Amino acid sequence: MTHLEKITEENFVDAFNLKLAPEQERFVSHPIRSLAQAYVYRQQCQPFGIYEDDPMVGYVMVVYDYDIPEYDIWHMMIDVSSQGLGYGRAALDQVLAYIKTKPFGASDRVVLTCNKDNTRAMDLYRRKGFVPTGAVFEDEVELVLTLRQ
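Keep in mind it's a predicted model, so treat the numbers as computed, not measured.

Student: Break down the pattern of salt bridges for me, with residues and values.
Tutor: Overall, the coordinates contain 5 salt bridges when judged by the stated rule. In this structure, the salt-bridge partner of Lys 128 is Asp 93, at a minimum N-O distance of 2.5 Å. Here Asp 93 lies in helix 3 (residues 87-100) and Lys 128 lies in the loop between helix 4 (119-127) and strand 6 (131-137), a separation of 35 residues in the sequence.

This is the structure:
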């Protein structure tokens, strides 16, 4: 069963070992960079390993922006060896369930960006109800979802 586990000193190296296909590397930052950001933003974020039973198959980070306020999903990735098996969809459901608990503050707004050429991820986000905001940052399209309780 797909589930999230907080990144800790016991599993952070597993996140470092996740890989993308070479043509996907421009779509998402590697967990090494993401975990450095998690350290800097540690009062407002939570990085997770995505697991299918025991092995880590992916990574995602939830960040709370106190200025807006909103929840942001950063750096979601599934290891190249585990793609196409539904883990991204299941992990996104888990992330949204986590955000609904409002771990950092009150907001029903969830935002993420997706590379315009990453059609598989874009399709997943749209199927989950994310819609483009109209904002584009270089090759990244911003998408938003308003959670319903």
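Student: Lay out the sheet that holds strand 7 (residues 140-146) in plain terms, naming residues and giving numbers.
Tutor: Read from one edge to the other, the open sheet built from 7 strands follows the order 1-2-3-4-5-7-6, with strand pairing classed as mixed. One side of each edge strand has no neighbouring strand; the edge strands of this open sheet are strand 1 (2-6) and strand 6. For this sheet, the mean inter-axis angle between neighbouring strands, taken without regard to orientation, is 30°. For strand 4 (residues 70-78) and strand 5 (residues 109-115), the ladder comprises 3 bridges, and the chain directions are parallel. Residue Asp 72 lies in a different strand from strand 5, and its bridge partner there is Val 111.

Student: I'd like to hear about helix 4, residue by residue, with values.
Tutor: A turn of α-helix holds 3.6 residues, and therefore any two residues three or four places apart point the same way. All of the buried residues in helix 4 are Ala 121, Met 122, Leu 124 and Tyr 125. Projected onto a plane normal to the axis of helix 4, the buried residues spread over an arc of 160° and lie on a single side. The outward face of helix 4, more than 90 degrees from its buried face, is lined by the exposed residues Arg 120 and Arg 127. Check the buried side of helix 4 and you find it contacts strand 4, helix 3, strand 5 and strand 7.

About the thresholds
- Residues numbered from 1 in each chain as written.
- Predicted model: local features only at pLDDT ≥ 70, side-chain atom pairs only at ≥ 80, totals over all residues.
- Heavy atoms only, no water.
- Salt bridge = Lys/Arg side-chain N within 4 Å of Asp/Glu carboxyl O.
- Helix = DSSP H or I, 4+ residues; strand = E, 2+ residues; numbered from the N terminus.
- Pairing = 2+ DSSP bridges.
- Axes fitted to C-alpha atoms, helices over the stretch in contact; angles between N-to-C directions.
- Buried < 20%, exposed > 50% of the residue type's maximum accessible area, 1.4 Å probe, protein only.
- Arc of directions from axis to C-beta.
- Contact = heavy atoms within 4.5 Å.

What is shown is where atoms sit, not what they do.
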